[in-house]
Amino acid sequence: MEDTIKIELLTPLTGTFLPNEMEQDWEGEEYHELEEEQVLFDGEDLIPYVSEIQEKIAEYSRVGHDDDKTDNLMDYFDGSAAIKEKVLSAVPSVKEADGVLYGCTILELKEYLETEELSELCEYLTGQYSDGWGEGFEQQEIPVEGGELCIHFWRPMDFEFQQAKPKVSKEKSEKQENQANVPKRPKMQLVGQDGNVFSILARANKLLQENGQGQEAKEMIARVQKSENYYQALHIISEYVETELSKDFQKATKTQKKCGKEECR
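Overview of the structure.

Conventions and cut-offs
Residues numbered from 1 in each chain as written. Predicted model: local features only at pLDDT ≥ 70, side-chain atom pairs only at ≥ 80, totals over all residues. Heavy atoms only, no water. Pairing = 2+ DSSP bridges. Helix = DSSP H or I, 4+ residues; strand = E, 2+ residues; numbered from the N terminus. Axes fitted to C-alpha atoms, helices over the stretch in contact; angles between N-to-C directions. Contact = heavy atoms within 4.5 Å. Salt bridge = Lys/Arg side-chain N within 4 Å of Asp/Glu carboxyl O. Buried < 20%, exposed > 50% of the residue type's maximum accessible area, 1.4 Å probe, protein only. Parallel < 35°, antiparallel > 145°, perpendicular 65-115°, else oblique. Nonpolar A, V, L, I, M, F, W, Y, C, P; charged D, E, K, R; others polar. Core = buried A, V, L, I, M, F, W, Y, C linked by side-chain atoms within 4.5 Å.

Describing the sheet that holds strand β3 (residues 39-41)
(1) Moving on: The strand order across the open sheet formed by four strands is β3-β2-β7-β6, and the pairing between neighbours is antiparallel. Lying at the two open borders of the sheet, with one neighbouring strand each, are β3 and β6 (142-144). Within this sheet the neighbouring strands show an average axis-to-axis angle of 30 degrees, counted without direction.
(2) Moving on: Pairing between strand β2 (residues 14-19) and β3: three bridges, direction antiparallel. Across the sheet, the residue bridging to glycine 15 is phenylalanine 41, located in β3.
(3) Moving on: Where helix α2 (residues 50-61) meets the sheet, its contacts fall on β6 and β7 (147-152), and the angle it forms with β6 comes to roughly 155 degrees.

As structure tokens, then:
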């Protein structure tokens with residue numbers, strides 16, 4: 001099977017906590033008194049209950065399915081054919097980000113959606129969370145310490161989808177940081193300037209020194225001094241400073257790495 005794309009869409013998550021001492025008589029005049037005893041939780045308050053919430057989502061999502069299959073909200077989608085073709089699954093979950101618990105819709109795609117398609121899909125998911133899957137799930141009481149918790153995947157005031165930031169491994173993060181700390185090659189024009197190789201070398205050396213690349217400058221000079229001809233010297237300089245020859249050099253280097261010197265003719 002071809003590789004698929006996974007995207008996490010985050011939405012605000014809230015909860016209603018019902019203490020154990022709360023009387024379970026919801027009829028008559030006592031309703032308003034009981035309602036006042038409820039405690040409303042936001043995403044930050046819900047962090048300690050993430051395991052219980054995930055367990056209840058898994059349990060609720062298996063209802064009505066055989067062979068331990070779980071809910072896929074795309075099974076009920078009746079919108080455009082293009083979205084049906086591109087989106088393999090939309091699975092409800094929760095995700096912690098920056099100390100806040102969010103509702104999380106995990107999308108598995110064959111290919112990226114166009115802007116209009118993503119808008120249509122989000123509108124459909126809004127309906128599922130406000131008057132479909134989410135409406136059913138918020139009626140599932142989750143036993144927690146001291147009482148029961150009901151989770152709301154939708155609320156009218158600030159409901160909107162945002163894409164979760166992809167996780168970056170520590171190794172990759174350090175590599176990106178190191179790459180960010182590497183100074184960019186200074187630019188130097190060859191055309192229309194003094195064509196004397198020593199003059200060109202002196203200009204390149206000055207640019208590198210000003211760019212905080214003194215070690216690279218020393219390495220460049222040593223290599224140029226060992227070069228066999230004028231054109232080889234120019235290509236070496238173009239490895240350290242960006243000249244009109246730099247792109248051609250990079251292209252030739254990639255070709256050599258790809259097929260090997262003896263194979264390329």
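Notes on the pattern of salt bridges
(1) Moving on: Taken as a whole and judged by the stated rule, the model has six salt bridges.
(2) Moving on: We note a salt bridge from glutamate 117 to lysine 86, for which the minimum N-O separation is 2.8 Å. One end of the pair, glutamate 117, is in helix α4 (residues 115-131); the other, lysine 86, is in helix α3 (residues 81-86), with 31 residues separating them in the sequence.
(3) Moving on: On the basis of relative accessible area, glutamate 117 is assigned to the buried category, the value being 14%.
(4) Moving on: Here lysine 86 falls in the buried class, since its relative accessible area comes to 10%.

A look at the packing of helix α7 (residues 197-210) against helix α9 (residues 230-240)
(1) Moving on: Where α7 meets α9, the closest approach of the two axes is 11 Å, and the angle between their N-to-C directions is 10 degrees. Our classification of the angle between α7 and α9 gives roughly parallel. Contacts between α7 and α9 involve Val197, Ile200, Leu201, Ala204 and Leu208 on the former and, on the latter, Tyr230, Ala233, Leu234, Ile237 and Tyr240.
(2) Moving on: Grouping the amino acids of the contact of α7 with α9 by side-chain chemistry returns 10 nonpolar, no polar and no charged.

Concerning the nonpolar core
(1) Moving on: Core analysis: the biggest nonpolar cluster contains 36 residues, and Ile53, Leu121, Leu149, Ile151 and Phe153 have the highest contact counts within it.
(2) Moving on: At the level of elements, β1 (5-11), α2, β4 (87-97), β5 (100-109), α4, α5 (133-137), β6 and β7 are the ones that each hand at least two residues to this core.
(3) Moving on: A total of five residues in this core trace back to one element, the largest contributor, which is α4.
(4) Moving on: Excluding anything up to four places from it in sequence, phenylalanine 153 contacts Thr11, Pro12, Leu13, Ile57, Ser93, Val94, Gly103, Cys104, Tyr129, Trp133, Phe137 and Phe159.
(5) Moving on: Residues Met188, Leu208, Ala217 and Val224 belong to the second largest nonpolar core, which totals 16 residues.

By themselves, these figures tell us nothing about what the structure is for.
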